[in-house]
Amino acid sequence: SQSLLIAGGIPSRRGELQIYSLTDGSRLRHLPKAHDDVIYSARFSPDGRRIASAGADKYVRIFDTASGEQVRRLEGHTSYALGLAWKRDGQILASAGADNSIKIWNGETGDQLQSIANFNRPVTAVSFVGETDQIVSACGDKLVRVHNAANGGLIRNIQGSASWLHCISVTPDNAVIAAG
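Thresholds applied
Per chain, the residues get numbers from 1 upward, laid out in the order the sequence is written. Where local features are concerned, this predicted model is filtered to residues with pLDDT of at least 70; where side-chain atom pairs are given and counted, the filter is 80 or more; whole-chain, interface and lining totals use all residues. Working from all heavy atoms in the structure, the side-chain values ignore hydrogens and water. Helix numbers and strand numbers start at the N terminus; a helix is a DSSP run of H or I with at least 4 residues, a strand a run of E with at least 2. The atom set for the radius of gyration is the C-alpha atoms, and the globule formula is 2.2 Å times the number of residues raised to the power 0.38. Exposure categories follow from relative accessible area, calculated using a 1.4 Å probe and restricted to protein chains: below 20% of the type maximum is buried, above 50% is exposed, and the middle band is partly exposed. Throughout, the Shrake-Rupley method with a 1.4 Å probe supplies accessible areas, and for residues the shown protein chains are the sole cover considered. Contacts described as polar in this section are N or O atom pairs within 3.5 Å, which, within protein, must combine one atom able to donate a hydrogen with one able to accept it, while residues neighboring in sequence count only if both atoms come from side chains. Two residues qualify as a contact provided that any one of their heavy atoms is within 4.5 Å of a heavy atom in the partner residue. Patch construction takes residues with relative accessible area above 30% that form no salt bridge. Like charges are linked within 9 Å, and nonpolar side chains (Val, Leu, Ile, Met, Phe, Trp, Tyr) are linked within 5 Å. Take a side-chain nitrogen of Lys or Arg and a carboxyl oxygen of Asp or Glu: if they are within 4 Å of each other, that pair is a salt bridge. Side-chain atoms within 4.5 Å link the members of a nonpolar core, which is a set of buried Ala, Val, Leu, Ile, Met, Phe, Trp, Tyr and Cys residues.

**Student:** Sorry, what's going on with the overall build of the chain here?
**Tutor:** For the chain, the helix and strand inventory stands at 0 helices and 17 strands. Taking 2.2 N^0.38 as the reference for a compact globule, 180 residues should give roughly 16 Å; the C-alpha atoms of the chain span a radius of gyration of 16 Å, in line with that estimate. The buried share of the chain, reckoned over its 180 residues, is 47%. Split by element, the accessible area of the chain, about 8,800 Å² in all, is 45% carbon and sulfur.

Here is the structure:
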């Protein structure tokens, strides 16, 4: 079924997740207290069975889509968790943070696999490049970076933005990166 995942909340109070049916507009699930603060990013896993969310409470949380139960709370960011991306295999998760870092997690166990910290400002968004281990990130320091998620290594910096970057996306054919 086609579903829409919406994240939000009330600052310093709670973060909420809602799932709506795109077929008839009905609300399928509501998690009013998914986080202890606003949720900045939420993503369905590639198979749709889990939801990962990143919030101002510094946590990345993983929920079972069907039951709404929290199955993991990933602790490692020291400031707001701002962005998320699942690798297409659904096993690996990347999170971007206001602590000027990206964390790479095992999506099943919740173990932190890498911490990538060569950023000068908050990392606002992250995306995997296809089925590869490459991730691209948007950062407040106006740079797009390409890293290897498996070992944390920097592959390249992409310059050209005149201002703070908030979002990033990769075309399905992996040929173009767009950041804004």
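**Student:** Explain the side chain of histidine 77 to me, please; I cannot follow it from the model alone.
**Tutor:** Tracing the backbone shows histidine 77 in the loop between strand 7 (70-74) and strand 8 (81-86). At a separation of 2.7 Å, a polar atom in the side chain of histidine 77 contacts the side chain of serine 95. In this structure the side chain of histidine 77 is engaged in a polar contact, spanning 3.1 Å, whose partner is the side chain of aspartate 99. With sequence-adjacent residues up to four places away left out, histidine 77 is seen in contact with Lys58, Val60, Ser95, Ala96, Gly97, Asp99, Ser101, Lys103 and Trp105.

**Student:** Teacher, can you tell me more about the environment of serine 101 here?
**Tutor:** Relative to the elements of secondary structure, serine 101 occurs in strand 10 (residues 101-106). There is a polar contact of 2.8 Å between the side chain of serine 101 and the side chain of aspartate 99.

**Student:** Where do I start with a nonpolar patch on the surface in this structure?
**Tutor:** Together, Leu4, Ile6 and Leu22 line one region of the surface with nonpolar side chains, adding up to about 240 Å² of accessible area. With respect to the helices and strands, the residue leucine 4 is situated in strand 1 (residues 3-10). Given a relative accessible area of 38%, leucine 4 falls into the partly exposed group.

**Student:** What exactly am I supposed to notice about the nonpolar core here?
**Tutor:** Buried together is how nonpolar side chains tend to be arranged in soluble globular proteins. Judged by nonpolar contacts, the single largest core of 14 residues is most densely connected at Ile102, Ile104, Ile116, Phe119, Val126, Phe128 and Ile135. Looking at this core, the elements that each hand over two or more residues are strand 9 (92-97), strand 10, strand 12 (123-128) and strand 13 (134-139).

**Student:** Hey, could you run me through unusual backbone geometry in this one?
**Tutor:** Note: most residues except glycine have negative phi, and most peptide bonds are trans. Phi angles above zero are rare outside glycine, and serine 12 is one such case at about 65°. Looking at where serine 12 falls in the secondary structure, it is placed in the loop between strand 1 and strand 2 (14-21). The exposed category is assigned to serine 12, whose relative accessible area is 65%. One non-glycine residue, asparagine 174, lies in positive phi territory at about 65°. Structurally, asparagine 174 can be placed in the loop between strand 16 (168-170) and strand 17 (177-179).

**Student:** Is there a simple way to think about the pattern of salt bridges in this case?
**Tutor:** Oppositely charged side chains may form a pair once their charged atoms are brought near each other. Taken as a whole, this structure holds 7 salt bridges when the rule is applied. When the shortest N-O distance is used, the salt bridge between glutamate 108 and arginine 50 registers 3.3 Å. With glutamate 108 in the loop between strand 10 and strand 11 (112-116) and arginine 50 in strand 5 (residues 50-55), this residue pair connects regions lying 58 residues apart in the sequence. Residue classification places glutamate 108 among the partly exposed positions, given a relative accessible area of 40%. Between arginine 73 and glutamate 75 there is a salt bridge, with its nearest N and O atoms 3.6 Å apart. According to the relative accessible area criterion, arginine 73 is partly exposed, its value standing at 42%. Judged by its relative accessible area of 55%, glutamate 75 is exposed. What you see here is one network of salt bridges that share partners, running through Asp36, Asp57 and Arg61.

Remember that the coordinates give geometry; whether it matters functionally is a separate question.
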